[in-house]
Amino acid sequence: MIKQQQKTASIRGFFFLLLLLFKSKITHLCTGIIQTMFNNRPELEKDDFYSLINTIIAKGRDYGNTTIGNGQKVNIEFVSANPTGYLHIGHARGGAYGDALANIMIKSGFNVHKEFYVNDGGNQINKLGKSIEARYLELLGEENVLPEDGYHGKEIIQVAQNIIDASGDAYKEDGFEHFKEYGLEFLLDRLKGHLVEYRIEFDEWFRERTIYQGDLQETVKQIKDNGFTYESEGATWFKTSEFFDEKDRVMIKSDGGYTYIVPDIAYHKNKFERGYEVLIDVLGADHHGYMDRLRSAMEMIGKDSTKLEFQILQMVRVYQDGKEVKMSKRSGKAIGLKDLIEEVGVDPIRYFFAARALSSQMDLDLDLALRKSNENPVYYAQYAHARICSVLRLGKEQGIEPTKVEVYDYLNEKASGLLTLLSTYPRVIDECATKRIPHKLTNFIQELSSEFHSYYNAEKFLTENKTETNEKLRLIKAIKIVLNDALKLIGVSAPEKM
RNA sequence: GCGCUCAUAGCUCAAUUGGAUAGAGUGCCUGACUACGGAUCAGGAGGUUAUGGGUUCGACUCCUAUUGGGCGCGCCA
């Protein structure tokens, strides 16, 4: 059956290659042939898949590791939420993407550094201080109004309460600096904690403030010295339109302060100077206008802007009770990552976001997500893993420990389908890494789980025939290894029991 | 108004340099061995890929116009 399909397929493939030939695209011919072959997942030679099982079991989680990244130094910056409130669902998406991508790229041989940029220097920290101050005075019974552009989240009230618990009304008169610093550190600490719970750990928390010692002035000087600035309307502008931008931007405001982009330029300059060959920024769609500016600025300071890569994530729209829930931190109505984890669990959330291309705009019905969380395909994959564990466990109880085999006699067509799928794993990993599309891996997970479940239902594993049992257990052990690895890469657990 | 971006089965989404009959899940319908875990399996129905043109041997994919969402648009970050 499989062979039959392949045969007709390759005949069609042949015609289409002939057509290419007529167009004299000889170069494409070879890749065409190769692609056609790979895409069809040709049956492995018997000898190959015997050794594949043994290879996978011998290598364990190292199976699928490749060297395509060639040790290239990559910096992935993601989440980078302002420490002015807790993380919301949009950060959950960026986080799931960035972390999965990083893990996959590491597996493909890239030298990856995961970084979180902490905006602790800008005006929003002042707003944070003011917001805390307002809540603080409010809690002390003073007449006070929270600024309209302040942060309205519940967590701000908690920060204020903490300060009162610790030192009463000691900061009633002059507490702004304390509110700022305490709030920043408190929120940052919580934010780290929530991310750890979400199974994301960064290699570096880069503080914006460290830029202020040197890099910032140097960046400004460099742009000026290179002749990319001019004065107008009392402000200093820089000529981003000479590169990729549609118009020039203000660099130094008429009040003498830098605009928000200046520290960012300095930060990226810093990243370049730390020797990264690829800089990946995972940004929300609301920052897409940013790319051209930043790339232009990189050119002005002599950096290769093509090394700066942006992955833009489309917004997640959240609906609850049939109404859209806005995710602004200012409004304080955001659906918190923390709440989401508590209600739904980390696995479904990580899988859900990892499974979707970054470019897809998605509507998330929260009621549905909470109520019907069992519909998440993550359970399907986890169940496959748990089932394998269960069979292996039962086998062990019966004293059966799979041992290495050179020649397999009891593996049928379904088994060979599974093995060909397993053999594609390294290529899937490479594709995910080089195209920055971790969601491709969830497709693989789904396919592997599906083929396993089908095989499971059709076969008996613990049989009277010891040789047969042994071979089948070897096979599912190999599946387990790959399934486990793939799930771990996207931050999802692979439970032994469910 | 200008720019960017998105639109695929009832719903949520795949199809990633333009390639084979557009695939999964969910929902709906019909079935499955007392089952090594039924959170599973086997099968069925469900599509003018938003719409109209164009390029190509070939278009979900590229170009163009239109419609409808989202986001952004010089001294906020």
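**So, the overall build of chain A**
Then, in step 1: Summing up its helical and strand segments, chain A has 18 helices and 11 strands in all.
Then, in step 2: For chain A, contacts bridging at least 24 residues in sequence account for 78% of all contacts bridging at least 6.

**Observations regarding the environment of L101**
Then, in step 1: Along the polypeptide, L101 turns up in helix α4 (residues 89-107).
Then, in step 2: A relative accessible area of 0% places L101 in the buried class.
Then, in step 3: Put simply, L101 and K435 are 334 residues apart on the chain and 9.8 Å apart in space, counted from C-alpha to C-alpha.
Then, in step 4: Sequence-distant contacts of L101, that is, excluding residues within four places in its chain, are made with I76, I280, C432, A433, R436 and P438.

**Describing the layout of surface pockets**
Then, in step 1: Approximately 1,600 Å³ is the volume attributed to the largest pocket.
Then, in step 2: If you list the elements that add at least two residues to the lining of the largest pocket, you get α4, α5 (123-139), α10 (261-273), β7 (278-284) and α11 (290-300).
Then, in step 3: A per-class count over the lining of the largest pocket returns 17 nonpolar, 19 polar and 9 charged.

**Considerations on the pattern of salt bridges**
Then, in step 1: Tallied over the full model, the rule gives 29 salt bridges.
Then, in step 2: The closest approach of N and O atoms between E273 and K269, which form a salt bridge, is 3.1 Å. Placement of the pair is E273 and K269 together in helix α10, with a separation of 4 residues, close to one helical turn.
Then, in step 3: The exposure class of K269 is buried, given its relative accessible area of 1%.
Then, in step 4: Measuring nitrogen to oxygen at the nearest pair gives 3.8 Å for the salt bridge that ties E431 to K440.
Then, in step 5: Among the residues examined, E431 registers a relative accessible area of 24% and is labelled partly exposed.
Then, in step 6: Judged by its relative accessible area of 31%, K440 falls in the partly exposed class.

**Regarding the sheet that holds strand β10 (residues 323-325)**
Then, in step 1: Across the sheet, which stays open at both edges, the 3 strands sit in the order β10-β9-β11 with mixed pairing between neighbours. The two strands at the open ends of the sheet, each matched to only one other strand, are β10 and β11 (362-365). Neighbour to neighbour, the strand axes of the sheet diverge by 40° on average, direction disregarded.
Then, in step 2: Here strand β9 (residues 316-320) runs beside β11; their pairing, made up of 4 bridges, is parallel. By the bridge assignment for β11, V316 is matched with M362.

**Points about the confidence of the model for chain A**
Then, in step 1: Looking at chain A, pLDDT values average 86 and 87% of them are 70 or higher.
Then, in step 2: No element of chain A has a lower mean pLDDT than helix α2 (residues 26-39), which averages 37, and none a higher one than strand β1 (residues 73-77), which averages 97.
Then, in step 3: Taken as a whole, residues 1-43 scores under 50 in pLDDT and shows 23 contacts with residues more than four places along the chain or in a different chain.

**Comments concerning the packing of aromatic side chains**
Then, in step 1: Using the criterion set out here, one finds 20 aromatic pairs in the structure.
Then, in step 2: Centroid distance F116 to F202: 5.4 Å. Interplanar angle 85°. Geometry classified as edge-to-face. Residue F116 is found in strand β2 (residues 111-118), and its partner F202 is found in the loop between α7 (176-197) and β3 (204-207); the two are separated by 86 residues along the sequence.
Then, in step 3: According to the relative accessible area criterion, F116 is buried, its value standing at 0%.
Then, in step 4: Ring plane angle 10° and centroid distance 3.9 Å describe the contact between Y117 and Y267, whose orientation is recorded as stacked. Of the two residues, Y117 sits in strand β2 while Y267 sits in helix α10, which places them 150 residues apart along the sequence.
Then, in step 5: By way of ring pairs, the aromatic residues F78, F116, F202 and W205 are connected into one cluster.
Then, in step 6: Positioned above the aromatic ring of W205 is the side chain of K192, whose terminal nitrogen or guanidinium carbon lies 5.0 Å from the ring centre.

**Remarks on the nonpolar core**
Then, in step 1: Counting 93 residues, the largest nonpolar core has I76, Y198 and L441 as the members making the most contacts within it.
Then, in step 2: Ranked by residues supplied to this core, first place goes to helix α18 (residues 466-489) with 11 residues.
Then, in step 3: With residues near it in sequence (within four places) discarded, L441 still touches I104, Y425, V428, I429, C432, A486, L489 and I490.
Then, in step 4: Y117, L216, F272 and Y276 belong to the second largest nonpolar core, which has 29 residues in total.

**Focus on the side chain of R474**
Then, in step 1: For R474, the location among the structural elements is in helix α18.
Then, in step 2: Within the buried core, R474 has no salt-bridge partner, and the shortest N-O distance to an opposite charge, that of E406, equals 7.6 Å.
Then, in step 3: Residues within four places of R474 in sequence aside, it is in contact with I53, N54, I57, P402, T403, K404, V405 and Y408.

**A look at unusual backbone geometry**
Trans peptide bonds make up the majority, and among non-glycine residues the majority have a negative phi.
Then, in step 1: You will see that S80, though not glycine, has its phi angle at about 40°, which is positive.
Then, in step 2: Among the structural elements, S80 can be located in the loop between β1 and α4.
Then, in step 3: The class of S80 is buried, set by a relative accessible area of 16%.
Then, in step 4: Positive phi outside glycine occurs at R199, with the angle close to 70°.
Then, in step 5: Position of R199 relative to the elements: it lies in the loop between α7 and β3.
Then, in step 6: A relative accessible area of 36% places R199 in the partly exposed class.

**With respect to the packing of helix α17 (residues 439-458) against α18**
Then, in step 1: At a closest axis distance of 10 Å, the pairing of α17 and α18 adopts a crossing angle of 155°. Relative to α18, the element α17 lies roughly antiparallel. The handedness of the crossing between α17 and α18 comes out as left-handed. In contact with L441, F444, I445, L448, S449, F452 and Y455 of α17, α18 contributes K472, L475, I476, I479, V482, L483, A486, L487 and L489.

**Let's talk about helix α16 (residues 413-435)**
Given 3.6 residues per turn, any residue in an α-helix points the same way as the ones three and four places further on.
Then, in step 1: Along its 23 residues, α16 runs 32 Å from first to last C-alpha, staying within 8% of the 33 Å computed at 1.5 Å per residue.
Then, in step 2: Immediately beyond the C-terminal end of α16, within one or two residues, lies R436, with a positive phi of roughly 60°.

**Here's the deal with the pairing of β7**
Then, in step 1: Burial analysis of β7 places 7 of its 7 residues in the buried class, which makes it a mostly covered element.
Then, in step 2: Side chains of β7 alternate between two faces, with V278, I280, V282 and G284 and L279, D281 and L283 buried alike.
Then, in step 3: As judged from the 4 bridges shared by β1 and β7, these two strands associate in the parallel manner. Paired with V74 across the bridge in β7 is V278.
Then, in step 4: In the sheet, β7 pairs with strand β8 (residues 308-313) via 6 bridges, with the strands oriented parallel. Note that in β8 the partner of L279 across the bridge is L308.

Quick notes on the rules
- Residues numbered from 1 in each chain as written.
- Chains lettered and ligands numbered in written order.
- Predicted model: local features only at pLDDT ≥ 70, side-chain atom pairs only at ≥ 80, totals over all residues.
- Heavy atoms only, no water.
- Helix = DSSP H or I, 4+ residues; strand = E, 2+ residues; numbered from the N terminus.
- Contact = heavy atoms within 4.5 Å.
- Buried < 20%, exposed > 50% of the residue type's maximum accessible area, 1.4 Å probe, protein only.
- 1 Å grid on protein atoms, 1.4 Å probe; cavity = no way out; pocket = protein on both sides within 12 Å on 5 of 7 lines; lining within 4 Å.
- Points joined across faces, edges and corners; volume = space filled by probe spheres on them.
- Nonpolar A, V, L, I, M, F, W, Y, C, P; charged D, E, K, R; others polar.
- Salt bridge = Lys/Arg side-chain N within 4 Å of Asp/Glu carboxyl O.
- Pairing = 2+ DSSP bridges.
- Axes fitted to C-alpha atoms, helices over the stretch in contact; angles between N-to-C directions.
- pLDDT = per-residue confidence, 0-100.
- Phe/Tyr/Trp six-rings, centres within 6.5 Å; stacked < 30°, edge-to-face > 60°.
- Lys NZ or Arg CZ within 6 Å of the ring centre and 35° of its normal.
- Core = buried A, V, L, I, M, F, W, Y, C linked by side-chain atoms within 4.5 Å.
- Lys, Arg positive; Asp, Glu negative; His and termini not counted.
- Parallel < 35°, antiparallel > 145°, perpendicular 65-115°, else oblique.
- Left-handed = near helix turned anticlockwise from the far one by under 90°.
- Expected span 1.5 Å × (residues − 1).

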